[in-house]
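# Inside the fold
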Amino acid sequence: MQTPAPFEYARATSIDDALRLLAEGGEDAYLLAGGHSLLPMAKLRLARPELLIDINDLTDLSYIRRDGDWLAIGALTRHAELLASGEVGELFPLAHDAERVIADPVVRNRGTIGGSLCQADPAEDLSTVCDVVGAEVVIRGRGSERTIPVTDLHAGPYETTLARGEMLTEVRWPIHARTSSAYEKVERRVGDWAVTAAGASVTLGSDGTIVDASIGLTAVGVQGTIDAARDALVGQQPSEQVFAAAAQAAAAASRPSDDTRGTAEYKRHLADELSRRVLRRAAERAASGS
Amino acid sequence: MQVTMTVNGVEVTREVEPRRLLVHFIREDLRLTGTHWGCDTSNCGVCVVLVDGTPVKSCTMLAASAGGHEVRTVEGLEQGGKLDPIQDAFMEKHGLQCGFCTPGMMLTSRALLDANPDPSEDEIREAISGQICRCTGYSTIVRSVRWAAEQEQKARDGESAAGSTADEGTHETADHETADHETAGATA
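Here the focus is the interface of chain A and chain B. The interface of chain A with chain B comprises 23 residues on the first partner and 22 residues on the second. At the level of secondary structure, the elements contributing two or more residues to the side of chain A that touches chain B comprise β1 (8-11), α2 (38-43), β3 (51-54) and α6 (105-108) of chain A. When grouped by side-chain class, the residues that make up the side of chain A that touches chain B number 12 nonpolar, 7 polar and 4 charged.

A few words on the domain arrangement of chain A. All names here are of chain A. Domain annotation of chain A identifies domain 1 (8-54), domain 2 (59-174) and domain 3 (179-287). Here the C-alpha centroids of domain 1 and domain 2 sit 18 Å apart. Considering each element in turn, the side of domain 1 that touches domain 2 owes the most residues, 6 residues, to helix α1 (residues 15-25). Each residue belonging to the side of domain 1 that touches domain 2 can be placed in one class, and the counts come to 7 nonpolar, 4 polar and 2 charged.

Attention shifts here to the domain arrangement of chain B. All names here are of chain B. Domain boundaries assigned for chain B yield domain 1 (2-76) and domain 2 (85-185). Taken together, the contacts link 17 residues of domain 1 with 13 residues of domain 2. Mapped by element, the contributors of at least two residues to the side of domain 1 that touches domain 2 are β3 (48-51) and β4 (54-57). Ranked by residue count, the leading element in the side of domain 1 that touches domain 2 is β3, at 3 residues. Tallied by class, the residues present in the side of domain 1 that touches domain 2 amount to 8 nonpolar, 8 polar and 1 charged.

All names here are of chain A. Spatially, the 3 strands line up as an open sheet ordered β11-β12-β13, and their pairing is antiparallel. The open sheet terminates on both sides in strands that have one partner only, identified here as β11 (179-187) and β13 (210-218). Pairwise comparison of adjacent strand axes, ignoring direction, gives a mean angle of 10° for this sheet. The pairing of strand β12 (residues 194-204) with β13 spans 8 bridges and is antiparallel. Considered in β13, the bridge of Ala197 is made with Thr218. Lying on the sheet, helix α8 (residues 125-133) is in contact with β11, β12 and β13; it crosses β12 at an angle near 20°.

What follows deals with the confidence of the model for chain B. Per-residue confidence for chain B averages 90 on the pLDDT scale, and 87% of its residues sit at or above 70. Below a pLDDT of 50 lies the segment residues 168-188 of chain B, which in the model reaches 31 contacts outside its immediate sequence neighbourhood of four places, other chains included.

Another point: the sheet that holds β1(A). Residue and element names in this part refer to chain A. Overall, parallel pairing links the 3 strands, which are arranged β1-β3-β2 in an open sheet. Only two strands of the sheet have a single partner each, and these edge strands are β1 and β2 (29-32). Adjacent strand axes in the sheet meet at a mean angle of 25°, parallel and antiparallel pairs treated alike. Strand direction decides the pairing type here: β1 and β3, joined by 4 bridges, are parallel. The residue of β3 that forms the bridge with Ala10 is Ile53.

Right, let's talk about unusual backbone geometry for a bit. Located in the positive-phi region is Ala219(A), a residue other than glycine, with phi close to 70°. We classify Ala219(A) as buried; it has 28 C-beta atoms within 10 Å. In this model, Asp40(B) sits at a positive phi of 70°, which is unusual for a non-glycine residue. In this fold, Asp40(B) is placed in the loop between α1 (22-29) and β3. Judged by C-beta crowding, with 18 C-beta atoms within 10 Å, Asp40(B) ranks as partly exposed.

Okay, the packing of helix α10 (residues 240-253) of chain A against helix α11 (residues 264-287) of chain A next. Residue and element names in this part refer to chain A. Packing of α10 against α11 leaves a shortest axis separation of 8 Å and a crossing angle of 140°. Comparing the axis directions of α10 and α11 gives the class oblique. As α10 packs across α11, the resulting crossing turns out to be right-handed. Across the interface between the two elements, Phe243, Ala244, Ala246, Ala247, Gln248, Ala250 and Ala251 from α10 touch Arg268, Ala271, Asp272, Ser275, Arg276, Leu279 and Arg280 from α11. Its residues placed into classes, the contact of α10 with α11 shows 8 nonpolar, 2 polar and 4 charged.

Rules of the game
- Residues numbered from 1 in each chain as written.
- Chains lettered and ligands numbered in written order.
- Predicted model: local features only at pLDDT ≥ 70, side-chain atom pairs only at ≥ 80, totals over all residues.
- Contact = placed C-beta atoms within 7 Å.
- Helix = DSSP H or I, 4+ residues; strand = E, 2+ residues; numbered from the N terminus.
- Nonpolar A, V, L, I, M, F, W, Y, C, P; charged D, E, K, R; others polar.
- Domains from an automatic or database assignment.
- Pairing = 2+ DSSP bridges.
- Axes fitted to C-alpha atoms, helices over the stretch in contact; angles between N-to-C directions.
- pLDDT = per-residue confidence, 0-100.
- Buried ≥ 20, exposed ≤ 12 C-beta atoms within 10 Å, placed from the backbone.
- Parallel < 35°, antiparallel > 145°, perpendicular 65-115°, else oblique.
- Left-handed = near helix turned anticlockwise from the far one by under 90°.

See below:
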């Protein structure tokens with residue numbers, strides 16, 4: 001039987017209450033959202049929280065709403081809710097592509113977007129989704145609030161720039177016209193972590209030229225989006241040659257390693273092939289006016 | 001710490017360690033061993049229970065987090081001596097072999113039919129994709145869920161047909177069909 005080491009448990013009654021508990025709990029106080037990363041880690045004693053602050057009652061952190069040119073998503077929004085949202089699917093189809101292959105439907109009933117981003121797992125799909133769409137995250141502390149690009153949230157594998165006592169409360173995705181996106185991953189079996197995955201967003205001008213684009217890769221040692229891939233796309237008409245050049249640039253920027261999921265060479269091949277596919281699909285979707 | 005929740009319509013209160021996982025709380029503290037305990041890593045899905053009607057892997061939820069919520073286990077499917085249509089279906093269509101995955105499969109299927117009374121085969125396969133049947137009896141599980149959907153549809157048709165002509169003679173089917181609502185109502 002896997003059992004976490006003992007900890008204290010507190011249920012936050014508001015965001016301010018959670019921040020107070022975090023501040024008073026010190027170094028080993030953790031927020032508990034969906035628990036599908038933290039509890040497995042605690043069972044394996046990779047995490048040894050002294051205090052778990054359960055934020056599942058904070059329904060004011062669970063929402064998806066249009067806020068001008070942004071889609072604002074509360075940190076406690078579950079994977080299943082993102083997948084059920086027509087607005088998410090319409091504005092950010094890559095998020096639905098990704099959500100369909102994140103774990104399984106039962107896990108998606110519990111796991112949250114805020115938890116996923118703060119776990120900062122290099123194989124986590126939503127981190128790439130957020131990088132690709134140019135997400136911002138809202139971070140609150142006691143008496144403080146700051147908004148930063150999601151690329152500044154991630155400091156490295158399993159590491160964020162959150163200070164002790166801070167919590168992520170909202171994820172914001174910018175909405176752009178004539179823009180669409182796609183995500184695709186290769187996994188060893190259904191619901192597994194990515195061997196490699198790619199996400200892309202493409203913005204077309206009125207004449208069909210690519211005026212903006214981004215490509216991100218999952219599980220191959222790349223943080224943020226890949227500038228060289230963007231440079232190969234912007235100003236070009238969408239074509240197989242252009243997608244191939246961008247995908248090769250993305251694969252060249254990847255830093256995969258050999259592991260049980262595959263060789264570095266195989267993952268680099270996937271980075272190239274999956275980048276082509278998501279660019280193709282994102283451009284088609286953008287052209288069809290979604 | 002003390003935790004209070006509703007399990008199969010009955011309010012229960014127990015003293016637990018905060019680290020107590022919901023699956024062990026159900027099996028060992030409540031002695032409801034119909035909920036199975038498998039991989040312990042949220043992969044296999046044999047520990048699935050419904051929390052407020054939603055399927056959850058109970059090896060990856062604290063009992064403390066279930067406090068104040070409604071939990072439904074396989075023991076709560078049967079209502080008033082009548083099996084849930086999902087249970088009838090698993091018998092009728094041979095939806096089980098060894099039975100280890102069956103409680104979780106039936107609860108996920110119940111939640112699916114409550115949300116989507118006429119699921120396609122693909123939708124059923126998607127819904128149970130977080131659960132493993134090591135007998136690999138998926139085809140018969142899918143057939144079982146379809147059968148239950150059809151039985152429930154027939155019961156509803158019978159109910160509305162009877163309801164439009166007379167108010168009598170529908171108690172059998174109505175009882176069967178309102179099992180869920182009774183559970184939801186039995187929280188006091």
